[in-house]
Amino acid sequence: MSKPICIIPARSGSVRIKDKNIYKINGKPMIAHTIKLLINSNIFSRIVVSTDTKKIADIARKYGAEVPFLRSKKLSNSKSTIKDTVVDVIKKIDSYNCPIHFVVYPTAILIEKKDLVSSLGILKKESKANSVVSVIANNSFYRSFVLKKKKEIVWRWKKFQNTMSQDLPRAYSDTGTFFLFKTKSYLKSKDMLVGPALFYEIDKFKGIDVNTQNDLLFLKLAYAKSKNK
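In this report, we go over the structure that sits alongside the text.

Cut-off values and rules
- Residues numbered from 1 in each chain as written.
- Predicted model: local features only at pLDDT ≥ 70, side-chain atom pairs only at ≥ 80, totals over all residues.
- Heavy atoms only, no water.
- Helix = DSSP H or I, 4+ residues; strand = E, 2+ residues; numbered from the N terminus.
- Buried < 20%, exposed > 50% of the residue type's maximum accessible area, 1.4 Å probe, protein only.
- Polar contact = N/O pair within 3.5 Å; in protein donor to acceptor, adjacent residues only side chain to side chain.
- Pairing = 2+ DSSP bridges.
- Disulfide = S-S within 2.5 Å.
- Patch = residues over 30% accessible without salt bridge, like charges linked within 9 Å, V, L, I, M, F, W, Y side chains within 5 Å.
- Areas by Shrake-Rupley, 256 points an atom, 1.4 Å probe, with all protein chains shown as cover.
- Salt bridge = Lys/Arg side-chain N within 4 Å of Asp/Glu carboxyl O.
- Lys, Arg positive; Asp, Glu negative; His and termini not counted.
- Charge placed at Lys NZ, Arg CZ, Asp CG, Glu CD.

1. Re the environment of Pro29
Okay, step 1: Tracing the chain through its elements places Pro29 in strand β3 (residues 28–29).
Okay, step 2: The exposure class assigned to Pro29 is buried, which follows from its relative accessible area of 7%.
Okay, step 3: The spatial distance from the C-alpha of Pro29 to the C-alpha of Phe44 is 21 Å, given a sequence separation of 15 residues.

This is the structure:
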């Protein structure tokens, strides 16, 4: 089987954190850390960045990734989906025949080679599976609250309100770091997560989905700790 292709979606228009994907950590843009990790893993035939700006494209190329085109405005707004972006890349680079694609987000600077290799091994081993997604354990999921009115909160699942956390069903959350899929099945489906889907669990300090300033702070602290361990 040929090596998989990795796609990094890196649009410029982050609503909550300006220029999130090129925010500097330890002197380098986040996307640079991610590209370096992917290159050093030596498991990809190509590392392709999909972005809508020359600024990000130049940074990506500087650190060794391909940017064969700039993403269209239609696929660069906050309403465009990751599915649309990934399919767009596959079409434009004509990688239909590559059996497996990864999608790795620019902020996934804490994942390691072993995470990529292990998740790829899971997908190759399970012949009936079509995708693998990186997750973190979420033991409080079934005891979460929702807003009933403007300020009133209620149990999302009232039947679990008195259940001890260790007795709750196992639950997981998407980490926003990476997922992978079998290309043919992915293109046939309209879903982002193509079933049967399996999971690869990572430590919660690796799986920081950066959407707020607090998330960014946690990521910086976790990165500093990872370098000093």
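2. Some remarks on the side chain of Ser134
Okay, step 1: Examined against the element boundaries, Ser134 turns out to sit in strand β6 (residues 131–137).
Okay, step 2: Accessibility expressed as a relative area gives 0% for Ser134, which makes it buried.
Okay, step 3: Within the structure, Ser134 has its side chain in polar contact with the side chain of Thr175 (distance 2.7 Å).
Okay, step 4: Polar contacts involving the side chain of Ser134 include one to the side chain of Thr177, which spans 2.7 Å.

3. Examining the pairing of strand β1 (residues 5–9)
Okay, step 1: Buried residues dominate β1, accounting for five of its five residues.
Okay, step 2: Of the two faces of β1, both are covered, the one formed by Ile5, Ile7 and Pro9 as well as the one formed by Cys6 and Ile8.
Okay, step 3: Note that β1 and strand β4 (residues 46–50) share five bridges and pair parallel. Bridge pairing links Ile5 to Arg46 in β4.
Okay, step 4: Sheet topology note: the β1/strand β5 (residues 100–104) ladder contains three bridges and is parallel. The residue bridging Cys6 from the neighbouring strand is Phe102, located in β5.

4. Thoughts on the state of the cysteines
Okay, step 1: Counted according to the given criterion, the structure contains zero disulfides.
Okay, step 2: In this structure Cys6 is not part of a disulfide, and its nearest cysteine sulfur, from Cys98, lies 11 Å away.
Okay, step 3: What makes Cys6 buried here is its relative accessible area of 0%.
Okay, step 4: Judged by its relative accessible area of 8%, Cys98 is buried.

5. Some words on a positive patch on the surface
Okay, step 1: Side chains of Lys24, Lys28, Lys36, Lys62 and Lys227 sit close together on the surface and give a patch of like positive charge.
Okay, step 2: Looking at the secondary structure, you find Lys36 in helix α1 (residues 30–41).
Okay, step 3: On the accessibility criterion, Lys36 (46% relative accessible area) is partly exposed.

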